[in-house]
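Observations on the three-dimensional arrangement
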Amino acid sequence: MLLALLLDRTGSGVWAAASVLYFTFVIGLDAGQLGLLLGTAGVAGIAGSPLAGHLAGRFPVRSLLIGCHLLRLATLCALLVVTRFEALLLVVALTNLGDRAAKTLEMLFATRVAGERRATYQALSRSSANAGYALGAGLAAIGLAVGSREAYQALILANALSFVAAATLVWRTGEAGGRPQARARTGSPAGQAEAGREGREGGYGPTGRRQPGPSPWRDRGYLRFVLLDMPMNLDDSLLNVGLPLWLVHHTDAPHALVPAFLVINTVLVVVLQLRVSARVEQPRQAAGAVRLYGLTMFACCALLVLSTGGGAWTASVVLLAVAVLVTLAELVRSVSSWELAVSLAPPEARASYLGVAGMAQSVQKSAGPPLLTGAVMAAGPAGWLVLGTAVAGLSVVQRRYSLLRLDALDALDAPAARTGSARNLKAEATPATTSPSPTPPA
C-alpha cells in the first residue's frame, strides 16, 4: 500500500508541476479561464471526501479505491484529446473529485487495517507521499525543459501510468473485514467499551446484517470539530501561496529562494514525520498537539511581520525560518487532525464521519488562498498578526471541545467496560461442565 502511495504521488507531482503550464501554453487558456477551471476543480474536491465516506459504508474500500484510480486514469487520458473549455471543466472537476475521494479512502483503509498503529502508518504514508511528490516534480522538470506539446503529453501519460500501477497494487493488497477494528484488544476494558459503544450506536445486528449507524450531518459536536479543523489546515496555503507571494511583493529576499521552501518542507516531512507521530499516538495527545499547532502558526505569522524590516539577508533568513516552522506545524497537524477525526467518530460509522472530516482540508484548499491574498496580505503586517492570533485562539477552542467530546465518549464507555468485566469474571468463576471420558478399549 505504501508503494502504491509512492507511485500515485509521483504521478501527482508530475501533473502538479506541469498542469498550469499545460493549460496555458498547450490548451491556450487565459488567466480568467484558468482561475475558473481551478476553482471548479476545488469545489468538486470538496464533494469528493463525503461522497467517498458515504460509499465506503456500503461497499468495500479496496474496490472503491481501485475505482477512483481508474476514474482518474480515464479523465486524465481524456485531457489528451479534449480542448473545449466546457469539456475541460467537467474533466478536471472529475479528476479532482477522484483525487479527494482517493485520499479519504486511503485514510479509511489505514484506519481499518493498521488498527492501533494507525499513527505510525500515517507517518509512513506521508513520508512516502512527500518523497513521491519530490520525485514527480523532478521528472516534470525534464519535460518542462523540453517544452513541446509532445513533452507535456508524455508527462500526462506518466501520471496515468502511476494510476494503473497504484490500482494494481491496491488490488493485490488485502482489506480488513467489514467491521472496524477496535483500538484495543477485545478482552481489555477499552476493547469491551468499544464493543459496547458499537452495540449502543448501531453496527451489526443479531442477524449479522449491518445496521444503519448515526449520521455525521446530524452530529453537531462532530460538525463543530470539522468546522474548527478548517483553519487548522492553513499551513498548506501559507507554505504554497502566502510565503512565496509575501517574499516577492513585500521583502527584498531573492526570488530564487522560493524553491527552497518546498525543498525544506519535503525533506523535513520525510525525515521527521515518523518521529512526530510517535509522540501523538493517543487521542488526548492529539488534542494537546492542536494547541501546539496554533502557537507554531502564530510564530510563523509574527516572523513574516519581521521579514519586512531588514535587508535581503535578514529577510532571507527569516523566511527560511518560517518555512521550517510552517513545516513543523504541518507535521503536528497531519497527525493530530487525523487521530482526532478517527477517535471522535463512532466506530461503526467511521467511514461516513471521516468522509465529512476530509472536507476540512478540501475547503481550506479552496478558501485559504483567497483569504491570504485578498484579506491578510492586503492588510499588510497587521493582517498576519490578526491571522496568527485567530488561529492560535481557535486551536485552544478546538482542543477544549475535543477533550470534552473524548470525556463524553469515555463516560459512555465506562458502563460498558464494567458490564464486560463483570461478565468475564462470572464466566471465570463458573466451573466448566465436562463429560466423563469413555473407558479406553482393552
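About the criteria used
Residues numbered from 1 in each chain as written. Predicted model: local features only at pLDDT ≥ 70, side-chain atom pairs only at ≥ 80, totals over all residues. Heavy atoms only, no water. Helix = DSSP H or I, 4+ residues; strand = E, 2+ residues; numbered from the N terminus. Buried < 20%, exposed > 50% of the residue type's maximum accessible area, 1.4 Å probe, protein only. Contact = heavy atoms within 4.5 Å. Areas by Shrake-Rupley, 256 points an atom, 1.4 Å probe, with all protein chains shown as cover. 1 Å grid on protein atoms, 1.4 Å probe; cavity = no way out; pocket = protein on both sides within 12 Å on 5 of 7 lines; lining within 4 Å. Points joined across faces, edges and corners; volume = space filled by probe spheres on them. Nonpolar A, V, L, I, M, F, W, Y, C, P; charged D, E, K, R; others polar. Expected span 1.5 Å × (residues − 1). Bend = angle between axes of the 7 residues up to and from the residue. Salt bridge = Lys/Arg side-chain N within 4 Å of Asp/Glu carboxyl O. pLDDT = per-residue confidence, 0-100. Core = buried A, V, L, I, M, F, W, Y, C linked by side-chain atoms within 4.5 Å.

Some details on the overall build of the protein
Per the secondary structure count, the protein includes 15 helices and two strands. Per-residue burial for the protein yields a buried fraction of 48% across its 442 residues. Long-range pairs, those at least 24 residues apart, make up 84% of the contacts in the protein with a sequence separation of at least 6. For the protein, the accessible surface area stands at approximately 20500 Å², while carbon and sulfur atoms represent 66% of it.

Topic: empty space enclosed by the protein
Here the idea is plain: a probe the size of a water molecule rolls over the atoms and shows the empty space left. Scanning all chains against the criterion turns up one cavity of 30 Å³ or more. If you add up the space inside the largest cavity, you get close to 50 Å³. Lining the largest cavity are F225, D229, M232, V290, Y293, R333, S336, S337, L340 and Q398. Every element with two or more residues in the lining of the largest cavity is listed here: helix 8 (220-229), helix 11 (283-306) and helix 12 (312-343). Looking at the lining of the largest cavity residue by residue, the classes come out as five nonpolar, three polar and two charged.

A closer look at helix 10 (residues 258-278)
If you check helix 10, its first and last C-alpha atoms are 31 Å apart, about what 21 residues at 1.5 Å a residue would give, namely 30 Å. Helix geometry: helix 10 is bent most strongly at L272, by close to 50 degrees. Within the span of helix 10, buried status applies to F261, N265, T266, V269, Q273, V276 and S277. Check the buried side of helix 10 and you find it contacts helix 5 (118-146), helix 9 (235-250) and helix 12.

Focus on the pattern of salt bridges
Counted according to the given criterion, the structure contains nine salt bridges. Residue D219 pairs with R405 through a salt bridge whose shortest N-O separation is 2.8 Å. Note that D219 is positioned in the loop between strand 2 (210-211) and helix 8 and R405 in helix 15 (residues 381-429), a separation of 186 residues in sequence. Like R405, D219 is buried. Here R333 and D235 are joined by a salt bridge, their closest N and O atoms 2.7 Å apart. Of this pair, R333 sits in helix 12 while D235 sits in helix 9, placing them 98 residues apart in sequence. Judged on exposure class, the residue R333 and its partner D235 are both buried.

As for the confidence of the model for the protein
Keep in mind that low pLDDT regions are not for reading the predicted coordinates in detail. Model confidence for the protein is summarised by a mean pLDDT of 80, while 84% of its residues fall at 70 or above. Note on residues 178-210: pLDDT under 50 across the span, and 69 contacts to partners over four residues away in sequence or across chains.

Brief notes about the nonpolar core
Nonpolar side chains in soluble globular proteins generally cluster together in the buried interior. Counting 77 residues, the largest nonpolar core has L105, Y222 and W384 as its most contacted members. Ranked by the residues each element gives to this core, the list is headed by helix 12, at 14 residues. Every residue in contact with W384, bar those within four places of it in the chain, is listed here: L238, G242, W246, C301, L304, V305, L372, V376 and M377. Membership of the second largest hydrophobic core comes to 24 residues, among which are V82, L88, Y152 and F163.

Let's talk about the environment of A167
Assignment of secondary structure puts A167 in helix 6 (residues 149-171). Among the residues examined, A167 registers a relative accessible area of 8% and is labelled buried. Taking the C-alpha atoms as reference points, A167 and L73, separated by 94 residues in sequence, lie 9.8 Å from one another. Setting aside chain neighbours within four positions, we find A167 in contact with I66, H69 and L70.

Here we look at the side chain of T95
Along the polypeptide, T95 turns up in helix 4 (residues 85-114). For T95, the contacting residues outside a window of four places in its chain are R72, T75 and L76.

Notes on the environment of R224
Tracing the sequence through the fold places R224 in helix 8. For R224, a relative accessible area of 38% translates into the label partly exposed. R224 sits 177 residues away from Y401 along the chain, and the two C-alpha atoms are 8.5 Å apart.

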